[in-house]
Amino acid sequence: MRIVYASFSPALAGVVVAGVVRTGSDGVRDSGVATGPALTTTVGVATTKGLPQLLDQISLAAAEDDHPVVKPGQYIYIESKSADTFLKTVDDKTSLASHQLHTRQLWESPDGTKGWLIDPAVNDSPEGETLSLPDEQGNTPKAHLGAPSYDYLAKLTTDPDELLVKIYKETEGQGNTPDQQAFTTIGDLLTESYPPAELYSALFKAAAKIPGVVVVNDAVDAAGRHGVAVARLDETSGQREEWIFDTKTHVFLGERSVQVKRLSGTDALIKPGTVTYTSAILNRAIVDGIKQAPSQAG
């Protein structure tokens, strides 16, 4: 029996989460994470109504959020839950499956040269693996927008217009369109990084200037939390990337990608409503040691 996995983007799986519906069945294990039926959701209505006001509120909440400065010797700790949907081919028969929702823990030093990752989807050992530099090839890559360190982010401009120009310039040629890549780049900075407070606020003001950004009034993160989403549809892939925020506090909860448009060929298995990626930020903190959880601090 020949099994081929074609992962196209991370999605919800393995457990039933509020607002998400099971389809299909499976029981194969891959990469240390159980696989199961793909999950779908109702495609929320998108609107531009209230978008400027919502992003203003999110930006204000971000500026007021407690963002302590990360000191040398400390580590940024980010704990999240995530899962992904993928096309799986067994003996030339392709079906849609998904990796079970699982916890991911990341530690990174401010300069980005020391780190640790515990993620059963990518680790060979339950103890996790080092992310410290230099890497196995002896290289020490410089931080950039696609792989930023805290120190790198601390030096970025906090002027929204200048910031957006930099994002477009540094991501030129990436993604399906310049606008979608700019939106995706900002979204990535919201998840597994720790932008200083002024930059965090500026990111949302920059996002407001990207064409095609909309509001989805009800979206669900990987932890089952409902919120309001700032979103953008990738016209090429037909997937809508959604950043989910608490409706009252406007704190960032997580993100997901939902298939909105019908595709052709084998990709038609990814029907509208398929959740192709989901994540939820459970904890983001500063700790004094690598592999130390916030509950262990002090």
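Residues numbered from 1 in each chain as written. Predicted model: local features only at pLDDT ≥ 70, side-chain atom pairs only at ≥ 80, totals over all residues. Heavy atoms only, no water.

### Looking at the overall build of the protein
Secondary structure summary: the protein contains 5 helices and 16 strands in total. Residues counted as buried form 48% of the 298 residues belonging to the protein. Nonlocal contacts in the protein, meaning residues at least 24 apart in sequence, comprise 61% of its contacts between residues at least 6 apart. Of the accessible surface of the protein, which amounts to about 14,300 Å², a share of 51% is contributed by carbon and sulfur atoms. (Helix = DSSP H or I, 4+ residues; strand = E, 2+ residues; numbered from the N terminus. Buried < 20%, exposed > 50% of the residue type's maximum accessible area, 1.4 Å probe, protein only. Contact = heavy atoms within 4.5 Å. Areas by Shrake-Rupley, 256 points an atom, 1.4 Å probe, with all protein chains shown as cover.)

### Examining empty space enclosed by the protein
In total, this model carries 1 cavity of 30 Å³ or more according to the counting rule given. A volume near 60 Å³ is recorded for the largest cavity. Along the walls of the largest cavity sit I76, I78, L106, E108, P148, S149, Y150, E192, S193 and Y194, which together make up its complete lining. Counting only elements with at least two residues in the lining of the largest cavity, the list comes to strand 7 (75–90) and strand 9 (102–108). When grouped by side-chain class, the residues that make up the lining of the largest cavity number 6 nonpolar, 2 polar and 2 charged. (1 Å grid on protein atoms, 1.4 Å probe; cavity = no way out; pocket = protein on both sides within 12 Å on 5 of 7 lines; lining within 4 Å. Points joined across faces, edges and corners; volume = space filled by probe spheres on them. Nonpolar A, V, L, I, M, F, W, Y, C, P; charged D, E, K, R; others polar.)

### Examining the packing of helix 1 (residues 51–64) against helix 5 (residues 197–207)
At a minimum axis separation of 8 Å, helix 1 and helix 5 run at an interaxial angle of 170°. In terms of their interaxial angle, helix 1 and helix 5 are classed as roughly antiparallel. In this structure, helix 1 uses L55, I58, S59, A62 and A63 to contact helix 5, whose residues at the interface are A197, Y200, S201, F204, K205 and A207. (Axes fitted to C-alpha atoms, helices over the stretch in contact; angles between N-to-C directions. Parallel < 35°, antiparallel > 145°, perpendicular 65-115°, else oblique.)

### Considering the packing of helix 3 (residues 160–170) against helix 5
The contact between helix 3 and helix 5 brings their axes to 9 Å, and the two run at 75°. Taken together, the axes of helix 3 and helix 5 lie roughly perpendicular to each other. Contact with helix 3, carried on its side by P160, L163 and L164, involves L199, A202, L203, K205 and A206 of helix 5 and no other residues of that element. Residues of the contact of helix 3 with helix 5, tallied by class, amount to 7 nonpolar, no polar and 1 charged.

### Quick word on the pairing of strand 4 (residues 33–37)
Buried residues dominate strand 4, accounting for 5 of its 5 residues. Alignment of strand 4 against strand 8 (residues 93–99), held across 3 bridges, turns out to be antiparallel. Each residue of the ladder has a partner; that of T35, found in strand 8, is H99. (Pairing = 2+ DSSP bridges.)

### Some remarks on the nonpolar core
Generally speaking, a soluble globular protein has its nonpolar side chains buried in company with each other. Residues L163, I186, F204, V230, W243 and F245 are the most contacted members of the largest nonpolar core, which totals 38 residues. When near neighbours in sequence (up to four residues on either side) are disregarded, F204 contacts L55, I58, S59, A62, L190 and F245. One finds V216, A219, I244 and L253 within the second-largest nonpolar core, a separate group that totals 7 residues. (Core = buried A, V, L, I, M, F, W, Y, C linked by side-chain atoms within 4.5 Å.)

### Examining helix 4 (residues 178–191)
Taking 1.5 Å per residue as the helical rise, helix 4 with its 14 residues ought to reach 20 Å, and the 20 Å between its terminal C-alpha atoms agrees with that figure. Judged by how many residues are buried, helix 4 sits mostly within the fold: 11 of 14 residues are covered. Taken as a whole, helix 4 has its buried residues at Q180, Q181, A182, F183, T184, T185, I186, G187, L189, L190 and T191. (Expected span 1.5 Å × (residues − 1).)

### Description of the layout of surface pockets
Roughly 350 Å³ of internal volume is contained in the second largest pocket. Lining the second largest pocket are 22 residues, with D65, Y200, V251, F252 and R284 sitting closest to its centre. Those elements that place two or more of their residues in the lining of the second largest pocket are helix 1, helix 5, strand 15 (252–259) and strand 16 (275–287). By residue number, the principal contributor to the lining of the second largest pocket is strand 16, which donates 4 residues. Among the residues making up the lining of the second largest pocket, the classes are represented as 14 nonpolar, 4 polar and 4 charged.

### Considering unusual backbone geometry
Cis geometry is adopted by the peptide bond preceding P134, which originates at L133 and carries an omega value of 0°. On the secondary structure map, P134 appears in the loop between strand 11 (129–130) and helix 2 (150–154). Non-glycine residue H250 carries a positive phi angle of around 65°. Structurally, H250 is set in the loop between strand 14 (239–245) and strand 15.

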